[in-house]
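Descriptive structure summary
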Amino acid sequence: MGKSAVAEKFSNEPLSAPLKLQFDYTRSVGPTVGAFVTALRDRKVIGARGSDGRVYVPPPEFDPNTAEPLTDFVGVSDAGTVVSWTWMPEPIAGQPLTTPFAWALIKLDGADTSLVHAVDVASPAGMSTGMRVRARWAQERVGRIQDIACFEPGESTGESGPSSESEPVTMVTTPIDLDYMHSASAEESFYLRGLKEGKLIGGRTGPGGKVYIPPRSANPTDGIPTKEQVELPDRGIVTTFCIVNVPFLGQRIKPPYVAAYVLLDGADIAFLHLILDCDAANVRMGMRVEAKWKPREEWDYTLENIEYFRPTGEPDAEYDTYKHHL
Amino acid sequence: MTDIAVVGFAHAPHVRETSGTTNGVEMLVPCFQQLYEELGITKSDIGFWCSGSSDYLAGRSFSFISAVDSIGAVPPINESHVEMDAAWAFYEAWIKIMTGEVDTALVYGFGKSSAGNLRKILSMQLDPYLVAPLALDSVSLAGLQARLGLDAGKWTSEEMAAVAARSRAAAESNPNTQLSGHVDINELLASPFVADPLRAHDCAPITDGAAAVVLAAGDRARELCERPAWITGVDHRIDSPGFGARDLTVSPSTTAAARAATGGDVGGIDVAELHGPFTHQELILREAIGLSDATTINPSGGPLSGNPMFSAGLERIGYAAKAIMDGNAGRTLAHATSGAVLQQNLVAVLEGRN
């Protein structure tokens with residue numbers, strides 16, 4: 001029933017599309033990094049003296065040699081000497097400067113270790129090991145490493161901001177922004193192409209194999225690759241469900257509503273979708289449902305083409321007919 | 001101590017870009033098939049599975065579960081994962097067999113480096129408070145390291161280019177690798193900088209890939225392989241993440257790991273497979289381990305001819321084992337690195353027995 005090979009085969013060529021990942025890491029800074037970034041907010045640089053007597057800038061939270069917390073803070077200059085450098089001809093988004101610049105390891109006066117940051121010079125000819133650089137402070141400082149906008153050739157101006165009356169910095173937020181060209185698998189691709197045409201295309205390894213929708217690359221029980229595309233009807237049964245009563249960020253439907261596993265006729269695996277157009281209290285295992293599609297002109301490569309499933313009014317399926325799919 | 005050996009090794013061809021899924025598992029399936037066929041085993045013969053990969057590379061969380069799909073985890077399997085180069089999964093598998101719970105393990109690593117901006121993605125493994133927010137990329141960081149050695153007179157641009165030239169020449173006999181051929185050092189030195197003082201030949205190429213290694217204990221190893229590559233030592237160490245506070249021209253963690261894995265005896269190592277993704281890093285590693293000119297370095301072509309992220313370190317172990325399994329070497333050493341500028345280092349020593 002329902003297991004028909006697809007007359008019009010959909011291409012296996014992988015679909016790909018740009019994928020942009022953006023999220024913020026919000027981190028508590030603790031007493032050591034916190035003191036460092038709080039000082040940056042006041043246009044000051046501090047390090048911490050380690051058990052070996054060296055002044056570490058930036059200060060690590062724990063002594064690299066003894067693992068004791070490092071809190072013996074020492075003020076250092078905002079100018080120093082380039083220990084090593086490299087040239088960035090094509091800056092990447094998110095780096096301190098958008099024009100070509102140098103990265104440098106900089107030993108600030110009074111420090112025994114190096115800090116990494118950008119140096120704003122016009123060309124590599126402007127860089128040399130041993131050259132003197134000073135911090136260029138950001139106009140608006142919030143207590144993060146970017147409070148130093150970058151370094152530039154020169155000596156310290158000796159200026160620092162007045163000590164802030166504000167509370168010490170306890171958190172830093174780092175936005176992450178990564179770009180990918182995401183590729184779907186061959187099987188995901190024919191499934192997604194099917195959706196674009198309003199068809200539900202599953203896959204199986206061959207005659208007698210189980211039908212998976214969305215299709216898997218291989219049968220998980222024997223690893224045999226999926227060879228056959230199978231078109232499934234847009235109706236089936238609810239195998240199991242839950243009623244969502246809790247509101248949460250990003251929720252698109254007003255609770256209560258039903259999220260259910262829908263087993264399409266002829267499929268061997270259920271997928272998650274919504275059951276609407278009926279009272280949540282009336283949804284039950286074995287209930288017959290059908291897809292409510294969006295208008296054709298809105299179809300895209302997504303299961304969201306189906307807005308939700310709704311009851312067909314047919315008699316419920318017997319438990320024995322779906323008990324193996326729970 | 002339990003005798004444990006590498007008995008099989010396969011890797012996907014090193015390519016600049018595949019059309020497969022972002023998580024790259026399609027490259028893995030042929031590796032498994034090759035190993036099953038060569039060893040005459042099936043999925044159910046494997047006692048423990050362990051992988052290395054990265055969610056940042058795949059741009060999605062829990063990306064390694066897609067790889068578990070490619071194994072076929074029905075009936076259930078005994079599985080684990082490390083968010084590092086799969087050489088560290090190899091270490092976990094070695095420990096697992098050592099416990100006596102299992103007598104075989106399959107270790108695999110995979111990744112599609114081409115899906116995103118690799119040098120930016122790798123900045124995600126730096127100090128998240130004061131370094132990663134600057135988006136300091138992996139190639140620039142290696143450039144800072146390279147200049148420190150050049151300024152200190154520890155190596156020259158010519159010596160760096162010679163490493164690249166030797167790697168590509170060695171790769172000529174390896175059909176599965178990405179860059180090969182005979183190149184003139186002067187021509188290399190005339191090429192433009194990518195990240196001054198690094199030129200293109202100083203940096204491993206961006207590579208999509210996957211690799212798998214099979215481990216077995218005692219008699220099981222002897223059943224599966226005519227000449228198993230017995231593991232006589234494995235160790236891994238880490239240096240401080242504060243790279244501005246340590247000397248980047250040396251690798252104390254590699255020295256410590258090598259000393260532990262070799263038992264202090266680096267003589268008689270016929271082949272060493274070293275995982276230095278930048279030319280100067282191979283020079284650091286040779287010195288850190290104390291290898292002499294009697295040892296052939298990276299006859300596979302090494303990471304400079306193909307550097308699939310999260311499997312290149314495991315491949316070093318695979319190639320070092322293969323030299324023994326093929327009867328071309330008696331004692332070999334494999335090195336793997338993970339993290340920025342040689343922060344974490346693993347050394348394994350392998351031996352054939354007649």
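Residues numbered from 1 in each chain as written. Chains lettered and ligands numbered in written order. Predicted model: local features only at pLDDT ≥ 70, side-chain atom pairs only at ≥ 80, totals over all residues. Heavy atoms only, no water.

Under an unreviewed UniProt entry, the name given to chain B is Thiolase domain-containing protein, and the organism recorded is Rhodococcus pseudokoreensis.

Chain A is annotated in an unreviewed UniProt entry as OB-fold domain-containing protein from Rhodococcus pseudokoreensis.

**Concerning the overall build of chain A**
What counts, and what does not: Each helix is a run of H or I in the DSSP string that is no shorter than four residues. Each strand is a run of E no shorter than two, and both are numbered from the N terminus. What the globule rule says is 2.2 Å times the number of residues to the power 0.38, and the radius of gyration is computed from C-alpha atoms. Note on contacts: a residue pair is in contact if any heavy atoms of the two residues lie within 4.5 Å. Accessible areas in this description were obtained via Shrake-Rupley with a 1.4 Å probe; residue shielding takes into account the shown protein chains only. Counted as positive: Lys and Arg. Counted as negative: Asp and Glu, with His and the chain ends omitted from the count. Charge positions come from single atoms, namely NZ of Lys, CZ of Arg, CG of Asp or CD of Glu.
For chain A, the count of helices and strands is 2 helices and 18 strands. Computed over C-alpha atoms, the radius of gyration of chain A comes to 30 Å, more than 25% over the 20 Å expected from 2.2 N^0.38 for 326 residues, which places it beyond the range of a compact globule. Referenced to the eigenvectors of the C-alpha coordinate spread, the extents of chain A come out at roughly 85 × 45 × 40 Å. Put simply, of all contacts in chain A between residues at least 6 apart along the chain, 61% involve residues at least 24 apart. With an accessible surface of roughly 16200 Å², chain A has 52% of that area assigned to carbon and sulfur atoms. For chain A, the centre of its 32 positive side-chain charges and the centre of its 44 negative side-chain charges are spaced 3 Å apart.

**A short note on the pattern of salt bridges**
Residues and elements named next belong to chain A. Counted only if it meets this: In what follows, salt bridge is the name for a side-chain nitrogen of Lys or Arg lying within 4 Å of a carboxyl oxygen of Asp or Glu.
Summed over the entire model, instances satisfying the criterion amount to 37 salt bridges over all chains. A salt bridge links Arg136 to Asp120; the shortest N-O distance between them is 3.0 Å. One end of the pair, Arg136, is in strand E9 (residues 132–137); the other, Asp120, is in the loop between strand E8 (115–119) and E9, with 16 residues separating them in the sequence. When the shortest N-O distance is used, the salt bridge between Arg235 and Glu290 registers 2.7 Å. Here Arg235 is found in strand E14 (residues 235–244), whereas its partner Glu290 is found in strand E17 (residues 288–293), with 55 residues between them in sequence.

**Topic: the pairing of strand E2 (residues 49–52) of chain B**
Residues and elements named next belong to chain B. Stated formally: Burial classification: accessible surface area is computed with a 1.4 Å probe over protein chains only, and a residue below 20% of its type maximum counts as buried, one above 50% as exposed, and the rest as partly exposed. At least two bridges found by DSSP between two strands are what make those strands a pair.
Of the two faces of E2, the one carrying Trp49 and Ser51 and the one carrying Cys50 and Gly52 are both buried. Examined bridge by bridge, E2 and strand E3 (residues 79–82) share 4 bridges and lie parallel to one another. Within E3, the position partnered with Ser51 by the bridge is His81. Pairing of E2 with strand E4 (residues 104–112), which is carried by 4 bridges, proceeds in the parallel orientation. When the bridges of E4 are listed, Trp49 appears paired with Leu106.

**A closer look at the sheet that holds strand E5 (residues 73–76) of chain A**
Residues and elements named next belong to chain A. We apply this condition: Note on geometry: axes are lines fitted to C-alpha atoms, helical ones only across the stretch in contact, with angles between N-to-C directions running from 0 to 180 degrees.
The 3 strands are arranged E4-E3-E5 in an open sheet whose pairing can be described as antiparallel. Each having just a single partner strand, strand E4 (55–56) and E5 make up the two edges of the open sheet. In this structure, strand E3 (residues 45–49) lies alongside E5, joined through 4 bridges in antiparallel fashion. Among the inter-strand pairings, Gly47 is bridged to a residue of E5, identified as Val74. The sheet contacts of helix H1 (residues 30–41) involve E3 and E5, and relative to E3 the element is tilted by about 155°.

**Some remarks on empty space enclosed by the protein**
Let me state the cut-off plainly: Only protein atoms enter the 1 Å grid used here. Points where a 1.4 Å probe fits but cannot escape make up a cavity, open sets with protein on both sides within 12 Å along at least five of seven lines make up a pocket, and a residue lines them when an atom lies within 4 Å of a point. Grid points are joined across faces, edges and corners, and a volume is the space filled by probe spheres set on the points. Nonpolar residues are Ala, Val, Leu, Ile, Met, Phe, Trp, Tyr, Cys and Pro. Charged residues are Asp, Glu, Lys and Arg, and all others, Gly as well, are polar.
Scanning the model with the defined rule gives 2 cavities of 30 Å³ or more in all. By volume, the largest cavity is sized at about 80 Å³. Lining the largest cavity we find Val33, Val37, Arg144, Ile145, Gln146, Val172, Thr173, Thr174 and Pro175 of chain A together with Tyr129, Leu130 and Pro133 of chain B. When contributions to the lining of the largest cavity are tallied by element, the ones reaching two or more residues are H1 and strand E11 (171–183) of chain A. The greatest single-element share of the lining of the largest cavity, amounting to 4 residues, is contributed by E11 of chain A. Tallied by class, the residues present in the lining of the largest cavity amount to 8 nonpolar, 3 polar and 1 charged. The calculated volume of the second largest cavity comes to roughly 40 Å³. Around the second largest cavity, the lining residues are Thr22, Asn23, Ser53, Ser54, Leu57, Ala58, Ser63, Phe110, Gly111 and Lys112 of chain B.

**Things to note about the UniProt feature "domain: ChsH2 C-terminal OB-fold" (unreviewed entry) in chain A**
All names here are of chain A. What counts here: UniProt positions are given in the numbering used here, feature names are shortened, and annotations may be inferred rather than shown by experiment.
Under the UniProt annotation, "domain: ChsH2 C-terminal OB-fold" (unreviewed entry) lies at residues 76–137 and 230–294. End C-alpha atoms of residues 76–137 are separated by 15 Å, and the span's content is 0% helix alongside 48% strand. Note that residues 230–294 is 0% helix and 49% strand, and that its end C-alpha atoms are spaced 22 Å apart.

**Regarding the layout of surface pockets**
Of the pockets and cavities examined, the largest pocket occupies roughly 970 Å³. The set of elements that each furnish at least two residues to the lining of the largest pocket consists of E11 and helix H2 (186–196) of chain A together with helix H1 (28–39) and helix H3 (64–71) of chain B. With 5 residues, H3 of chain B is the single largest residue contributor to the lining of the largest pocket.

**With respect to the nonpolar core**
Quick note on the threshold: Take the buried Ala, Val, Leu, Ile, Met, Phe, Trp, Tyr and Cys residues and link them wherever side-chain atoms come within 4.5 Å; each set so joined is a nonpolar core.
If you look at the biggest cluster of nonpolar residues, it comprises 70 residues, and the most contacted ones within it are Val6, Phe90, Leu106, Tyr108 and Leu215 of chain B. Within the second largest apolar cluster, 56 residues are counted, among which are Trp87, Leu97 and Ala135 of chain A together with Leu130 of chain B.

**Re the environment of Ser44 of chain B**
Residues and elements named next belong to chain B. Worth spelling out the cut-off: Here a polar contact is taken to be a pair of N or O atoms separated by no more than 3.5 Å, where protein atoms must pair a possible hydrogen donor with a possible acceptor and residues adjacent in sequence count only if both atoms sit in side chains.
By the element assignment, Ser44 lies in the loop between H1 and E2. In the structure, Ser44 is positioned 31 residues away from Pro75 in sequence and 8.8 Å away in space, judged by C-alpha atoms. For Ser44, the side chain forms a polar contact with the side chain of Thr42, separated by 2.9 Å.

**Some points on the packing of helix H10 (residues 252–262) of chain B against helix H11 (residues 279–289) of chain B**
Residue and element names in this part refer to chain B. The criterion, for reference: Orientation is classified from the angle alone, with under 35 degrees giving roughly parallel, over 145 giving roughly antiparallel, 65 to 115 giving roughly perpendicular, and any other angle giving oblique. Take the far helix as the reference: if the near one is turned anticlockwise from it by less than a right angle, the crossing is left-handed, and if turned clockwise, right-handed.
Running from N to C, H10 and H11 point in directions that differ by 45°, and their axes come no closer than 8 Å. One element, H10, and the other, H11, form an angle in the oblique class. Judged by the sense of rotation from one axis to the other, the crossing of H10 with H11 is right-handed. Contacts between H10 and H11 involve Thr254, Thr255 and Ala258 from the first element and Leu285, Ala288 and Ile289 from the second. Among the residues making up the contact of H10 with H11, the classes are represented as 4 nonpolar, 2 polar and no charged.

**Overview of the pairing of strand E16 (residues 271–275) of chain A**
All names here are of chain A. Of all 5 residues in E16, 4 are buried, a share of seventy percent or more. Two elements, strand E15 (residues 257–264) and E16, share 5 bridges in a ladder whose sense is antiparallel. Bridged to Val262 within E16 is Phe271. Where E15 folds back onto E16 in an antiparallel hairpin, the turn is made up of 6 residues, including Gly266, whose phi is positive at roughly 95°.

**Section: the state of the cysteines**
Residues and elements named next belong to chain B. Selection criterion: To count as a disulfide, a pair of cysteine sulfur atoms needs to be within 2.5 Å.
Here the structure, examined in full by the defined rule, presents 0 disulfides over all chains. Take Cys31: it sits in no disulfide, and the sulfur closest to it among the cysteines is that of Cys50, at 16 Å. Accessibility expressed as a relative area gives 2% for Cys31, which makes it buried. The exposure class assigned to Cys50 is buried, which follows from its relative accessible area of 0%.

**A short note on the interface of chain A and chain B**
Operational definition: Here the quantity called buried area is the accessible surface, traced with a 1.4 Å probe, that two parts lose on coming together, added over both.
Taken together, the 53 residues of chain A in the interface contact 46 residues of chain B. Carbon and sulfur atoms make up 61% of the surface buried where chain A meets chain B, a total of about 4000 Å² over both sides. The largest share of the area that chain A buries against chain B comes from Ile92, Val116 and Tyr180 of chain A, three residues that together contribute 13% of it. Counting the contacts that link chain A with chain B gives 1 salt bridge. For Asp69 of chain B, the salt bridge is made with Arg216 of chain A, and the minimal N-O distance between the two is 3.0 Å. Along the contact surface separating chain A from chain B lie 21 residue pairs in polar contact (both at pLDDT 80 or more).

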